Amino acid sequence: MGTDYQAYQARKYFAGLDGLRAIAIIAVVWHHSAHPDFLPMFARGFAGVDLFFVLSGFLIVTLLLREKDRSGRISLRNFWARRFLRLMPAYYLLLFGMLGAYLVFKPGDPDTARLAEGFPVYALYLSNWFHPGANNLGITWSLATEEQFYLVWPLVETFLAPIAAGIFWISALIINQLINFGVLDPAIDTVFGEGVAGSREILDATFTPILLGVGLAHLLHREKGYRLAKRLAGFKHAPLVFMAALFVLFNIPAADISGLFRLVMHCLMTAWIASIVLAPSSTLSLFLDWRPVVFVGAVSYGMYLYHMWCVHAARIALGKLGLSNLVFEFPLALALTIGVSAASFYFYEKPFLDLRKRFRKPHRSQKENARP
């Protein structure tokens with residue numbers, strides 16, 4: 001088992017996780033597109049965001065822990081520089097492009113006013129706490145959450161002793177579950193104002209999956225934790241087992257998925273990710289490592305940024321052609337989103353991504369998949 005653990009510590013790229021990103025972003029595009037009603041799980045594509053959160057928590061903290069082991073410290077400057085170069089160029093291109101287009105083509109329009117007034121909130125990554133309501137920017141709440149995690153958690157890993165960091169993690173998880181189970185509803189209404197759209201839902205969806213990803217990173221980083229996880233989630237067909245469990249859970253009818261439903265969902269997502277990391281040669285890996293699926297996962301950040309506009313464009317095009325939105329909107333929107341995101345990745349984002357090499361030590365220049 002020690003050999004397995006050492007091999008895990010030496011791995012820079014976790015096969016299958018880009019495939020999970022592809023599943024997550026396709027679910028999100030499905031959720032925001034017109035589509036036929038099938039099983040209940042297909043109405044819950046928003047859970048793709050939760051899966052992204054677990055992945056981010058696991059991958060980012062795994063990188064931080066390994067850096068600390070190798071060099072005895074975490075370079076916050078280098079970490080934040082890499083995150084800036086990975087995330088912000090495309091994000092600010094979208095924001096400033098939207099603002100310029102609205103000011104030129106829709107001056108005096110209420111939509112332009114909402115975007116202009118809310119622009120500081122979007123630009124400062126605060127839209128998970130405030131809701132300016134600009135068109136097609138509602139999705140930025142999750143991006144804001146990610147950025148706040150990237151800002152705060154490296155400080156925890158850098159400056160807190162392990163026991164203090166563990167207490168912080170447990171306390172944050174407990175508080176989030178008090179929110180999830182409705183115990184803190186009166187306090188949320190006091191802070192946000194009763195009836196503020198989305199505040200409780202965002203709090204429910206946000207912190208638990210990231211914290212569980214953080215916990216998974218710490219569990220696998222220690223050899224005893226790795227051995228325990230290997231017994232529970234490292235058997236050959238574990239990825240299929242946990243995927244099937246999620247499928248069953250998602251098809252339980254429930255108008256409100258807060259409380260136990262959401263907690264079990266997040267735990268199963270964490271177990272699914274652990275199983276894919278620990279059993280990379282499972283039967284599911286044939287799909288997750290299929291080149292087109294990996295490619296979609298690789299450009300999933302851009303897809304998340306641009307997909308609402310691609311859905312909008314697909315809807316307009318289908319309306320002019322007189323074709324059914326229920327049948328054609330999702331595949332057309334998905335194809336447009338992949339195309340736009342690939343162009344953004346190769347022709348705009350890549351030069352910024354290449355600059356990240358300046359903020360890596362030589363032994364960290366190998367391929368890694370710690371993308372959001």
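How each quantity is defined
- Each chain has its residues counted from 1, running along the sequence as written.
- Selection of residues for local features in this predicted model requires a pLDDT of at least 70, selection of side-chain atom pairs for listing and counting requires 80 or more, and totals for whole chains, interfaces and linings are taken over all residues.
- The side-chain numbers reported here are obtained from all heavy atoms of the structure, hydrogens and water having been left aside.
- Given a residue, its bend is the angle between the two axes fitted to the seven residues that end at it and to the seven that start from it.
- Secondary structure counts use DSSP, requiring at least four H or I residues in a row for a helix and at least two E residues in a row for a strand, with both numbered from the N terminus.
- Only C-alpha atoms enter the line fits that serve as axes; for helices the fit covers just the stretch in contact. Angles between N-to-C directions range over 0 to 180 degrees.
- The scheme is simple: roughly parallel for angles under 35 degrees, roughly antiparallel for over 145, roughly perpendicular for 65 to 115, oblique for anything else.
- The handedness criterion is simple: a crossing whose near helix is rotated anticlockwise from the far helix by less than a right angle is left-handed, and one whose near helix is rotated clockwise is right-handed.
- Every residue pair with non-hydrogen atoms within 4.5 Å of one another is taken to be in contact.
- In this classification, the charged set is Asp, Glu, Lys and Arg, the nonpolar set is Ala, Val, Leu, Ile, Met, Phe, Trp, Tyr, Cys and Pro, and all remaining amino acids, among them Gly, are polar.
- Only buried residues count toward a nonpolar core, which is a set of Ala, Val, Leu, Ile, Met, Phe, Trp, Tyr and Cys residues joined through side-chain atoms within 4.5 Å.
- Each residue's exposure class comes from its accessible area (1.4 Å probe, protein chains only) as a fraction of the maximum for that residue type: buried when under 20%, exposed when over 50%, partly exposed otherwise.
- Excluding any residue in a salt bridge, patches collect residues exceeding 30% relative accessible area, merging like charges within 9 Å and nonpolar Val, Leu, Ile, Met, Phe, Trp and Tyr side chains within 5 Å.
- Here the accessible surface of atoms and residues is derived via Shrake-Rupley with a 1.4 Å probe, and residues count as covered only by protein chains that are part of the display.
- Whenever a carboxyl oxygen of Asp or Glu lies within 4 Å of a side-chain nitrogen of Lys or Arg, that contact is scored as a salt bridge.

Colleague: Please provide a residue-by-residue account of helix α15 (residues 300–321), values included.
Modeller: The sharpest bend along α15 measures roughly 55° and falls at Y306. Positive phi shows up at G322, right after α15, with a value of about 75°.

Colleague: An account of the packing of helix α3 (residues 47–71) against helix α12 (residues 260–278) is needed here, citing residue identities and associated values.
Modeller: Where α3 meets α12, the axes come as close as 10 Å, and the angle between the chain directions of the two elements is 50°. Comparing their axes, α12 and α3 come out oblique. In the packing of α3 onto α12, the handedness of the crossing is right-handed. Contacts between α3 and α12 involve A47, D50, L51, V54, L55 and F58 from the first element and R262, M265, H266, M269, T270, W272, I273 and V277 from the second. In terms of residue class, the contact of α3 with α12 is built from 10 nonpolar, 2 polar and 2 charged.

Colleague: So, the nonpolar core: which residues are in play, and what are the values?
Modeller: One finds L17, F58, L220 and I273 to be the most contacted residues of the largest nonpolar core, which totals 94 residues. In terms of residue count, α3 provides more of this core than any other element does, 13 residues in total.

Colleague: Summarise a nonpolar patch on the surface; cite the residues concerned and give the values.
Modeller: Side chains of W80, L151, V152, L155, F159, L160 and F168 sit close together on the surface and give an oily, nonpolar patch of about 620 Å² of accessible area. The biggest single contributor to the nonpolar patch is helix α6 (residues 140–159), with 4 residues. Secondary-structure assignment places L155 in helix α6. Classification of L155 as partly exposed rests on a relative accessible area of 33%.

Colleague: Go over the pattern of salt bridges, please, and point to the residues and values.
Modeller: According to the stated counting rule, one finds 8 salt bridges in the structure shown. Its salt-bridge partner being D18, residue R21 comes within 2.7 Å of it at the nearest N-O pair. Of this pair, R21 and D18 both sit in helix α2 (residues 17–32), 3 residues apart, which is roughly one turn of that helix. Look at D18 and you get buried, because its relative accessible area is 2%. For the salt bridge of R227 with E223, the shortest nitrogen-to-oxygen distance reads 3.2 Å. Pair noted here: R227 and E223 are both in helix α10 (residues 223–233), with a separation of 4 residues, about one helical turn. We classify R227 as partly exposed; its relative accessible area is 36%. With a relative accessible area of 29%, E223 lands in the partly exposed category. What you see here is one network of salt bridges that share partners, running through K106, D111 and R114.

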